[in-house]
Amino acid sequence: MPLCIATWNINSVRLRLPIVEKFLREHQPDLLCLQETKCPDDLFPVEAFHALGYPFVAISGQKGYHGVATISRRPVEVTEKREFCRKGDCRHIATRFQAGDRSVLLHNFYVPAGGDEPDPEINPKFRHKLDFIEEMRDVAAAREGADASILVGDLNIAPLVEDVWSHKQLLKVVSHTPVETEGLESMRVGGGWQDLMRIHTPPPEKIYTWWSYRARDWEATDRGRRLDHVWSSENLVESLRGIEVLKEARGWERPSDHVPVIARFALD
DNA sequence: ATGGTAGGACGCCTA
């Protein structure tokens with residue numbers, strides 16, 4: 001069985017437990033990285049994951065907002081829960097697991113959305129987002145103590161022209177402004193990270209992983225953005241066997257506004 | 001040009 005890793009901004013893990021269970025039953029990834037769990041650690045539905053065959057549940061949650069979790073069928077060790085920008089937010093958890101003869105470090109990120117106004121001088125939430133991306137430069141693909149690295153999550157930025165439904169109309173919309181897209185790409189390349197979704201599906205093909213709740217008919221208008229990402233160190237690129245964006249999940253009962261992204265590798 | 005929906009927690013912030 002190839003190694004299978006999924007990432008999904010779930011927008012409340014407790015409210016959406018039924019569709020998380022459906023996803024795990026139908027796709028059975030080895031690891032599932034969730035963002036926006038909106039759940040304090042002592043209320044996290046750990047037992048539901050155990051019952052589905054996922055004994056390892058690594059969580060970093062807080063009340064009401066944010067929160068990440070990495071759920072696994074194979075043993076994982078939590079290596080870091082990093083606090084970014086001194087905000088006390090739970091937006092990162094790093095775990096390590098074995099894949100074949102390699103020790104793989106897996107970063108699960110939830111980058112701040114950044115508010116509505118794309119001006120860091122008047123919008124502190126946008127300032128925070130830009131600062132967060134800068135601080136992410138510390139997280140490089142090459143790390144001592146690991147043979148390979150994977151970085152997944154809701155990065156809340158659609159970097160490429162083909163990552164949004166209209167490049168022109170979104171240039172001044174937070175998630176696709178040049179300061180964000182250039183900052184993220186610079187951080188990614190500087191850190192030695194490979195964009196696996198775009199290696200598998202290069203431009204000009206469009207990729208979206210998020211469709212707003214505010215659209216009347218998300219499917220007909222198809223005004224999506226690629227906000228969720230799967231990156232790896234260069235030494236995993238040759239093992240990549242596929243990327244799947246599970247668009248159908250946007251139409252499930254009480255859906256998240258994000259859909260799961262699944263990456264498969266030729267590794268045990 | 002504007003406002004549209006959703007979740008947590010219960011007035012209003014965040015996405």
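Parameters at a glance
For every chain, the first residue of the written sequence is number 1, and numbering continues from 1 onward in sequence order. A letter from A marks each chain and a number from 1 marks each ligand, given out in the order of writing. Totals for whole chains, interfaces and linings use every residue, but because this is a predicted model, local features are given only for residues with pLDDT of at least 70 and side-chain atom pairs only at 80 or more, for both listing and counting. Computation of side-chain values: all heavy atoms of the structure, hydrogens and water removed. Every helix listed is a DSSP run of H or I at least four residues long, and every strand listed is a run of E at least two residues long, numbered separately from the N terminus. Each radius of gyration is computed over the set of C-alpha atoms, and the globule rule expresses the reference value as 2.2 Å times the number of residues to the power 0.38. Burial classification: accessible surface area is computed with a 1.4 Å probe over protein chains only, and a residue below 20% of its type maximum counts as buried, one above 50% as exposed, and the rest as partly exposed. Note on definitions: a residue-residue contact is assigned when non-hydrogen atoms from the two residues lie within 4.5 Å. Here the Shrake-Rupley method, with its probe set to 1.4 Å, supplies the accessible areas, and only the displayed protein chains count as covering residues. Lys and Arg are tallied as positive, Asp and Glu as negative. Neither His nor the chain termini are counted. Each charge is placed at NZ for Lys, CZ for Arg, CG for Asp and CD for Glu. One heavy atom suffices: a residue is near a molecule or strand as soon as one of its heavy atoms comes within 4 Å of it. Each polar contact in these results corresponds to two N or O atoms within 3.5 Å; when the atoms are within protein, one needs to be able to donate a hydrogen and the other to accept it, and residues that are neighboring in sequence are counted only if both atoms are side-chain atoms. Amino acid classes used here: Ala, Val, Leu, Ile, Met, Phe, Trp, Tyr, Cys and Pro are nonpolar; Asp, Glu, Lys and Arg are charged; the rest, including Gly, are polar. The salt bridge criterion pairs a side-chain nitrogen of Lys or Arg with a carboxyl oxygen of Asp or Glu, the two atoms within 4 Å. When DSSP finds two or more bridges between two strands, those strands count as paired. For every element, the axis is a line fit to its C-alpha atoms; helices are fit only across the contacting stretch, and the angle between N-to-C directions ranges from 0 to 180 degrees. What makes a nonpolar core is a set of buried Ala, Val, Leu, Ile, Met, Phe, Trp, Tyr and Cys residues whose side-chain atoms join them at distances within 4.5 Å.

(A) Focus on the overall build of chain A. Helix and strand counts for chain A come out as seven helices and 14 strands. By the compact-globule yardstick of 18 Å for 268 residues, chain A fits well, its C-alpha radius of gyration being 17 Å. For chain A, the spread of C-alpha atoms along the principal axes amounts to about 45 × 40 × 40 Å. When burial is assessed residue by residue, chain A has 57% of its 268 residues classed as buried. Contacts in chain A between residues far apart in sequence, at least 24 positions, make up 68% of those at least 6 positions apart. Per element, the accessible surface of chain A, about 11800 Å² overall, is 48% carbon and sulfur. Measuring between centres, the 35 positive side-chain charges of chain A sit 4 Å from its 41 negative side-chain charges.

(B) Quick look at the protein's contact with DNA strand B. Ser-12, Leu-15, Arg-16, Arg-214 and Arg-254 are the nearest of the 17 residues found near DNA strand B. When the atoms of DNA strand B within 4 Å of the protein are grouped by moiety, sugar and phosphate amount to 65% of the total. Between DNA strand B and Arg-16 there is a distance of 3.0 Å, counted from a phosphate oxygen to a side-chain nitrogen or oxygen. Arg-254 places a side-chain nitrogen or oxygen 2.8 Å from a phosphate oxygen of DNA strand B. Looking at the surface near DNA strand B residue by residue, the class counts come to five nonpolar, four polar and eight charged.

(C) A look at the pattern of salt bridges. Applying the stated rule across the entire model yields 17 salt bridges. The closest approach of N and O atoms between Glu-180 and Lys-129, which form a salt bridge, is 2.6 Å. Residue Glu-180 is located in helix H5 (residues 178-190), and its partner Lys-129 is located in helix H3 (residues 124-135); the two are separated by 51 residues in the primary sequence. As far as the burial class goes, Glu-180 and Lys-129 line up, both buried.

(D) Seen up close, the sheet that holds strand E8 (residues 148-154). With mixed pairing, the six strands of this open sheet are ordered in space as E5-E6-E7-E8-E12-E9. Only two strands of the sheet have a single neighbouring strand rather than two, namely strand E5 (77-80) and strand E9 (193-195). Each neighbouring strand pair of the sheet contributes to a mean axis angle of 30 degrees, computed without reference to strand direction. With three bridges joining them, E5 and strand E6 (residues 92-99) adopt antiparallel strand pairing. Bridging from a neighbouring strand, Glu-80 pairs with Ala-94 of E6.

(E) Representation of the nonpolar core. Counting 28 residues, the largest nonpolar core has Trp-8, Phe-23, Leu-32, Leu-34, Phe-44, Phe-49 and Ile-71 as the members making the most contacts within it. Of all elements in the fold, only strand E1 (3-9), helix H1 (17-27), strand E2 (31-35), helix H2 (46-51) and strand E4 (68-72) reach the threshold of two or more residues within this core. Here this core takes five residues from H1, the largest share from any one element. Once you skip the residues sitting within four places of it in the chain, Phe-23 turns out to touch Ala-6, Trp-8, Gln-28, Pro-29, Leu-32, Leu-246, Trp-252, Pro-260 and Ile-262. In this structure, Ile-5, Ala-99, Ala-148 and Leu-240 belong to the second largest nonpolar core, which totals 23 residues.

(F) Layout of the environment of Asp-30. Mapping Asp-30 onto the fold places it in the loop between H1 and E2. C-alpha of Asp-30 to C-alpha of Ser-212: the two residues are 182 residues apart in sequence and 29 Å apart in space. In this structure the side chain of Asp-30 is engaged in a polar contact, spanning 2.7 Å, whose partner is the backbone nitrogen of Cys-4.

(G) Unusual backbone geometry, seen in detail. Cis geometry marks the peptide bond from Pro-203 to Pro-204; its omega dihedral reads 15 degrees. Mapping Pro-204 onto the fold places it in the loop between helix H6 (196-200) and strand E10 (210-211). One non-glycine residue with positive phi stands out, namely Glu-36, at about 55 degrees.

(H) A look at the sheet that holds strand E14 (residues 261-265). Read from one edge of the open sheet, six strands run E3-E4-E2-E1-E14-E13, paired in mixed fashion. Whereas interior strands pair on both sides, the edge strands pair on one side only; in this sheet they are strand E3 (56-60) and strand E13 (240-245). Ignoring strand direction, the axes of neighbouring strands in this sheet form an average angle of 10 degrees. Both E1 and E14 contribute to a ladder of five bridges, which runs antiparallel. Bridged to Ile-5 within E14 is Ala-263. Here H1 sits on the sheet in contact with E1, E2, E13 and E14, set at roughly 160 degrees to E1.

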